[in-house]
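So the chains spell out like this:
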Amino acid sequence: MDNGQLLVALGAVLFALGFAGLVLRRNVLVMLMCMELMLNGVTLCLVVFAQQAASTAATVLVFLVFVVAAAEIAIAVPIVLLLARHKHTLDLGAYTDLKG
Amino acid sequence: MIGQALLWFFAAGALAGGVAMLVLRHPMHVALSLIGTMLSLAGIYAALGVHVVAVFQVLIYVGAVMVFMVYAIMLLDVRDTSFTSRYSGLLIPGVAGLALFIGALVYVLRREGPVGDIAPGATAFRVERFSVDFLHEYWLHFELTSVLLLAAVVAAIAILKAKRRGDG
Amino acid sequence: MMQDLVVHGAFIVYAIGLLMTFGLILTWVERKQAAIMADRIGANRAYLRIPFTQIKLVWWGLFHGLADGLKMLLKEDFKAASYDRVAYAIAPWIVFTPVLLVFAVIPFGGTLVPAELFSGSPDIASWFGDRTYAMRIAPLDAGLLVVLAFGSITVLGSMLAGWSSDNKFSMLGAIRSASQMISYELVMGLTVLGLILIYGTVDLVDIVEQQSGTLLGFLPAWGIFLQPVGAVLFIAAAQAENRRIPFDLPEAESELIAGYFTEYSAMKMGLFMFAEFIEIAIIAALFTTLFLGGYNLPWMSDAGFTLPGGHFVPISHGAAVVMQMVVFLVKVMLICSFLILVRWSLPRFRYDQVLRFAWRFLLPLALANLVVTVVAVWAIQGAGA
């Protein structure tokens, strides 16, 4: 297994782990962090392909992905904190207002 | 040879951090393992020769995103129920699904043939080339991203104001 | 490859030795300089007695640093009843390590040509061949970005230290420290943007090399003459980033006991204090590199002195290397003294004053500095081109 395959496989496994964490864990902030893990896995694959193609466009795209991820976290965490303040818990089982 | 060993070391670190995120109980420990994963990924990027991306990973992800997450986790109450019961109801099907998912991904990867090799640290990517290409060809994307960031700042302030109004 | 290993190993030993020595000496300099400024004598009780005699060496209080170090090592490591083990254990290291790593991109000397250095013994010189080494540890051309990246990791350490201590005062200190450090990190990044624009690079080695000429014929071409406002803003923001008085609220001794490291004792506390003092030296080294011309002496190049009359004085390579390293150290010591002077002169800012100072005073000034720099560079380059 050469380096490129190893790293893309690692990126795929990180994505799968993040997805599993999103499905399995109950704490909303931990779910947010698992989403960040998914994004990191995908970015690793992107960097591997950028380095193979020696393309500047892909590196610019990686940089823009970082910036967009930062902006997304800046909005998601305050929303989660407001929700937690409203429901007095971060447990996912309590957010059932839209159920039924 | 040292570059190859470093690559394996950082890959193992990233994997360990990812698995630890699923298993650990306290959100602060999960955040610490995510920081470990991100730093290992930065090490992988540096070992591949794109130290520009590695520096941005540390600066933006670890230095801003994770600092924000740790700040939010610091304000949590330790008696929250989600600390004792970690997993949602779908634990067994979830783990089975994870195994299937990883198996499917690795199978597709094997079938697609070799991705192509990269020697660690073969081509060093310079900051100057990156920034010149960025601002000559992709300056529109740069400006659109700054508009996106401005929208994020306005949205954060709006959330803050909504919270104040809600508290009365 | 062996030659590269030997030279870089020597550089790493030099850098670590230098930073540790600076950390120790700065505790003594701080006490002595504070005493001189306050017209008193300072700490002079710790002595070493030469064995078998009654001669006591006081040496102006230098041994107080040794006494402090021994005290930190030998104290009881008292742990609270409940604390978060993982975060408590790694927090001092997260604060200590990036401070050392920032020095990896700072050039502490000119170019080293080992063959010329060992020109007396021909076999050592032939082993080195014609290799030249720039005197810095890591050949990263994103130098300033690396500095900012590692500076942002220390925030995590102080937050973890305060949170893991299971103590309300520590938590308050951690929250204050995080807010302050994040704000001033941003300001620090913006203050050097004008400098990056003028020099056209983020590589610290290039920035120092571009400061080696003269401006207008007689001024050394240092950054402080090109960006005076930027220099003042940078040193203010860096002092705040280091949590020194006047921006000392996270560890306010009279309010929060010891802030975010209240529950730490013995060597872990020693690591926090040591990291703070080494960071003074790092900030001084950064200021020297960006604004004071690094290792450059006026009218000196790698080969010799070119005096204003046109007279050229050649100097040997060994003398040039040593002179450049000494010049760097002298400049760093001067800026450290200035930082200690500021620390012992000003009272402490209140917490909301600290944040207002960053967001409503330093940030607009840094942006205004950038605008003026952009206009000036455009005008000068427009006139030249």
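Here the structure is a predicted model, which means the values were calculated and not measured.

1. Some thoughts on the overall build of chain B
(1) Moving on: Across its full length, chain B holds seven helices and zero strands.
(2) Moving on: Starting at the N terminus and ending at the C terminus, chain B contains elements arranged as α-α-α-α-α-α-α.
(3) Moving on: Counting only residues that meet the buried cut, chain B has 40% of its 168 residues in that class.
(4) Moving on: The long-range share in chain B, meaning contacts at least 24 apart out of those at least 6 apart in sequence, stands at 67%.
(5) Moving on: Within the structure as shown, chain B displays about 9,000 Å² of accessible surface, and the carbon and sulfur contribution to it stands at 72%.

2. Let's talk about the arrangement of the chains
(1) Moving on: Contacts are most numerous between chains A and B, considering all two pairs of chains that are in contact.
(2) Moving on: Of all C-alpha pairs spanning chain A and chain C, none lies closer than 14 Å, and the two are not in contact.

3. A few points about the nonpolar core
(1) Moving on: M33 of chain A, I44, Y45 and M66 of chain B together with L26, F103 and L290 of chain C are the most contacted members of the largest nonpolar core, which totals 179 residues.
(2) Moving on: With residues near it in sequence (within four places) discarded, M66 of chain B still touches M33 of chain A, A31, L34, I35, M38 and Y61 of chain B together with L156 of chain C.

4. Re the interface of chain A and chain B
For interface size, the figure often reported is the accessible area lost on association.
(1) Moving on: In this assembly, 65 residues from chain A lie in contact with 79 residues from chain B.
(2) Moving on: Interface area for chain A against chain B, summed over the two sides, is near 6,500 Å², with a carbon-plus-sulfur share of 77%.
(3) Moving on: Between chain A and chain B we count nine residue pairs in polar contact (both at pLDDT 80 or more) in total.
(4) Moving on: Of all the elements in the fold, those that place two or more residues in the side of chain A that touches chain B are α1 (3-24), α2 (28-53) and α3 (56-87) of chain A.
(5) Moving on: With 22 residues, α3 of chain A is the largest single contributor of residues to the side of chain A that touches chain B.
(6) Moving on: Its residues assigned to classes, the side of chain A that touches chain B comprises 47 nonpolar, 12 polar and six charged.

5. Some thoughts on the packing of aromatic side chains
Ring pairs (aromatic) are described by centroid distance and by the angle formed between their planes.
(1) Moving on: Inspection of every chain in the model, using the stated rule, returns 31 aromatic pairs over all chains.
(2) Moving on: Ring geometry for F15 of chain A against F101 of chain B: centres 6.2 Å apart, planes inclined by 75 degrees, an arrangement best described as edge-to-face. Residue F15 of chain A is found in helix α1, and its partner F101 of chain B is found in helix α5 (residues 91-111); the two belong to separate chains.
(3) Moving on: On the basis of relative accessible area, F15 of chain A is assigned to the partly exposed category, the value being 28%.
(4) Moving on: The partly exposed category is assigned to F101 of chain B, whose relative accessible area is 27%.
(5) Moving on: For the pair F247 of chain C and F357 of chain C, a centre-to-centre distance of 5.9 Å together with 25 degrees between the ring planes defines the contact as stacked. You can see F247 of chain C sitting in the loop between α12 (228-241) and α13 (266-291) and its partner F357 of chain C sitting in helix α15 (residues 351-384), a full 110 residues away along the chain.
(6) Moving on: Taking the relative accessible area as the measure of exposure, F247 of chain C reaches 4% and is therefore buried.
(7) Moving on: Members of the aromatic cluster, joined through ring pairs, are Y83, Y88, Y260, F261, Y264 and F272 of chain C.
(8) Moving on: Taking the ring centre of Y83 of chain C as reference, the NZ or CZ of R85 of chain C above it sits at 4.8 Å.
(9) Moving on: Directly above the ring of W344 of chain C sits R343 of chain C, whose terminal nitrogen or CZ lies 4.5 Å from the centroid.

6. Focus on the environment of L6 of chain B
(1) Moving on: Mapped onto the elements of the fold, L6 of chain B is located in helix α1 (residues 2-23).
(2) Moving on: Along the sequence, L6 of chain B and G43 of chain B sit 37 residues apart, while their C-alpha atoms lie 8.1 Å from each other.

7. Overview of the side chain of E36 of chain A
(1) Moving on: With respect to the secondary-structure elements, E36 of chain A resides in helix α2.
(2) Moving on: When residues no more than four places from it in sequence are discounted, the contact partners of E36 of chain A are A69, E72 and I73 of chain A together with L34, M38, Y61 and V65 of chain B.

8. Observations regarding the side chain of Q227 of chain C
Residue and element names in this part refer to chain C.
(1) Moving on: Checked against the element boundaries, Q227 lands in the loop between α11 (223-226) and α12.
(2) Moving on: Reaching out from Q227, the side chain makes a polar contact with the side chain of N369 at a distance of 3.3 Å.
(3) Moving on: Those residues in contact with Q227, other than ones at most four positions away along the chain, are T191, G194, L195, I198, F291, N369 and T373.

9. Some points on the interface of chain B and chain C
(1) Moving on: In this assembly, 21 residues from chain B lie in contact with 25 residues from chain C.
(2) Moving on: Summed over both sides, the interface between chain B and chain C buries roughly 2,000 Å², with carbon and sulfur atoms accounting for 80% of that surface.
(3) Moving on: Counting the surface chain B buries against chain C, the share from its top three residues, V67, Y71 and M74 of chain B, is 28%.
(4) Moving on: Viewed at the interface, chain C and chain B are joined by one salt bridge.
(5) Moving on: R126 of chain B serves as the salt-bridge partner of D141 of chain C, at 3.6 Å between the closest nitrogen and oxygen.
(6) Moving on: The interface formed by chain B and chain C contains four residue pairs in polar contact (both at pLDDT 80 or more).
(7) Moving on: Broken down by element, the residue count for the side of chain B that touches chain C peaks at 12 residues, all from helix α3 (residues 51-74) of chain B.
(8) Moving on: A breakdown of the residues in the side of chain B that touches chain C according to their chemical character gives 16 nonpolar, four polar and one charged.

10. What to know about unusual backbone geometry
For residues other than glycine, phi is negative in most cases, and the peptide bonds are mostly trans.
Residues and elements named next belong to chain C.
(1) Moving on: Each neighbour pair has its own omega, and for I245 with P246 the value is 10 degrees, a cis peptide bond.
(2) Moving on: Tracing the backbone through its elements, the reader meets P246 in the loop between α12 and α13.
(3) Moving on: The backbone of D166 sits at a positive phi, close to 55 degrees, despite the residue not being glycine.
(4) Moving on: Looking at the secondary structure, you find D166 in the loop between α7 (153-164) and α8 (168-191).

Scoring rules and cut-offs
Residues numbered from 1 in each chain as written. Chains lettered and ligands numbered in written order. Predicted model: local features only at pLDDT ≥ 70, side-chain atom pairs only at ≥ 80, totals over all residues. Heavy atoms only, no water. Helix = DSSP H or I, 4+ residues; strand = E, 2+ residues; numbered from the N terminus. Buried < 20%, exposed > 50% of the residue type's maximum accessible area, 1.4 Å probe, protein only. Contact = heavy atoms within 4.5 Å. Areas by Shrake-Rupley, 256 points an atom, 1.4 Å probe, with all protein chains shown as cover. Core = buried A, V, L, I, M, F, W, Y, C linked by side-chain atoms within 4.5 Å. Buried area = accessible area lost by both parts, 1.4 Å probe. Polar contact = N/O pair within 3.5 Å; in protein donor to acceptor, adjacent residues only side chain to side chain. Nonpolar A, V, L, I, M, F, W, Y, C, P; charged D, E, K, R; others polar. Phe/Tyr/Trp six-rings, centres within 6.5 Å; stacked < 30°, edge-to-face > 60°. Lys NZ or Arg CZ within 6 Å of the ring centre and 35° of its normal. Salt bridge = Lys/Arg side-chain N within 4 Å of Asp/Glu carboxyl O.

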